[in-house]
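Given next are the chains, with one letter for each unit.
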Amino acid sequence: MSKKFLLDRRELVIGLAAGTIVPLAGCADNAALGRNQLMLVSQAEIERLSATAWRDTLQRQRVLNDPAYTRRLERVGTRMAETSGLSHLDWEFAVIDSDLVNAWVLPNGKVAFYKGLMDIVETDGHIATIMGHEMGHVAGRHAAERASQQRAAQMGMQIVGMALQTQGVDYDADMAAALGAGIQYGVILPYSREHEFEADRLGIDYMVGAGYAARDAMDVWLAMSTLHQDRALEFTSTHPSDDARIAAMRAHIEAMGYI
Ligand SMILES: [Zn+2]
């Protein structure tokens, strides 16, 4: 990747605005998604932000050392990482000692599951469902795409052929906010609906590939959609599970012959 992309964000914006930095690799083909993506953020930059966010998390949050939780998460996570085609990442799995119902994965393969979520799921397949969905966001390079879309919007760039308006992305959300404040509060900012659909499809493919039952995916997302508001629902607020998503998942499972 060009060294130009290692500039800090301010320099990048100024450079792009002045036309001294040309995002030559502005669109990248993503094999996992079968579509092109706007990419104005380098993998190196994403990895740097992710590494900082992970360090912050391990310092600020209480990490649980109970093997009943940690071994289970690692068992499922390791299996899922293999089938996701993301085994090149340096995967780490941490259980956060919190009653929040939440989980997230950073683009560099660092995974946080909250004790509150692990306490309400029953099978390894349920954990694999959520893990697979989050790994789908990683394989889809959704965080980088979202940051790129935001940068393009901020700079008022007209990217011919890139249908930004269809993405439904929250342009106010910066990558730094997602990985900084997001981590601070134990949440990752919401992805666009398209990203959620893509992560659902990929996640189901991964979990079935790893030998888990696709039925577990339906169980989890149906349960998420009906969880009461009095729980700390960071996960469901960033991953709204509505009828359209569940119907799309069911259609994908049937089309692929998973059930
Ligand atoms: Zn999601």
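Criteria and cut-off values
- Residues numbered from 1 in each chain as written.
- Predicted model: local features only at pLDDT ≥ 70, side-chain atom pairs only at ≥ 80, totals over all residues.
- Heavy atoms only, no water.
- 1 Å grid on protein atoms, 1.4 Å probe; cavity = no way out; pocket = protein on both sides within 12 Å on 5 of 7 lines; lining within 4 Å.
- Points joined across faces, edges and corners; volume = space filled by probe spheres on them.
- Helix = DSSP H or I, 4+ residues; strand = E, 2+ residues; numbered from the N terminus.
- Nonpolar A, V, L, I, M, F, W, Y, C, P; charged D, E, K, R; others polar.
- Axes fitted to C-alpha atoms, helices over the stretch in contact; angles between N-to-C directions.
- Parallel < 35°, antiparallel > 145°, perpendicular 65-115°, else oblique.
- Left-handed = near helix turned anticlockwise from the far one by under 90°.
- Contact = heavy atoms within 4.5 Å.
- Buried < 20%, exposed > 50% of the residue type's maximum accessible area, 1.4 Å probe, protein only.
- Polar contact = N/O pair within 3.5 Å; in protein donor to acceptor, adjacent residues only side chain to side chain.
- Phe/Tyr/Trp six-rings, centres within 6.5 Å; stacked < 30°, edge-to-face > 60°.
- Lys NZ or Arg CZ within 6 Å of the ring centre and 35° of its normal.
- Pairing = 2+ DSSP bridges.

Here we take up the layout of surface pockets. Approximately 270 Å³ is the volume attributed to the largest pocket. Counting only elements with at least two residues in the lining of the largest pocket, the list comes to α2 (43-60), α5 (124-139) and α6 (142-154). Across the lining of the largest pocket, the residue classes break down as 13 nonpolar, six polar and two charged.

Here we take up the packing of helix α9 (residues 193-209) against helix α10 (residues 214-226). Interhelical geometry of α9 versus α10 gives an angle of 140 degrees and a closest axis separation of 9 Å. If you check the angle between α9 and α10, you find them oblique. In this structure, α9 meets α10 at a crossing whose hand is right-handed. The residues of α10 that touch α9, namely those facing D200, I204, M207 and V208, are A214, D216, A217 and W221. Class assignment of the residues belonging to the contact of α9 with α10 gives a composition of six nonpolar, no polar and two charged.

Inspection of the secondary structure puts D200 in helix α9. With a relative accessible area of 5%, D200 lands in the buried category. Looking at D200, its side chain comes within polar contact range of the side chain of H133, at 2.7 Å.

Looking now at the packing of aromatic side chains. Two measures describe an aromatic ring pair: the distance that separates the ring centres and the angle between the ring planes. With the rule as written, the count across this model stands at two aromatic pairs. The interplanar angle of 90 degrees and the centroid separation of 6.1 Å between the aromatic rings of W54 and W104 together place this pair among those described as edge-to-face. Of the two residues, W54 sits in helix α2 while W104 sits in strand β4 (residues 103-105), which places them 50 residues apart along the sequence. We classify W54 as buried; its relative accessible area is 6%. Take W104: its relative accessible area is 1%, and that puts it in the buried class. Above the plane of the ring of W221 lies R245, whose end atom (NZ or CZ) is 4.7 Å from the centre.

Let's shift gears to the sheet that holds β4. Strand order in the open sheet made by the three strands is β3-β5-β4, with mixed pairing throughout. If you trace the sheet from one side to the other, it starts and ends with β3 (92-96) and β4, each paired once. When strand polarity is set aside, the average angle formed by the axes of neighbouring strands in this sheet is 10 degrees. One ladder, built from three bridges, connects β4 with strand β5 (residues 110-114); its direction is antiparallel. Along β5, the bridge assignment pairs W104 with A112. Contacting β3, β4 and β5, α2 runs over the sheet at an angle of about 35 degrees to β3. Of the strands in this sheet, β3, β4 and β5 touch α5, which is tilted by about 35 degrees from β4.

Everything listed is a geometric property; what it means functionally is a separate question.
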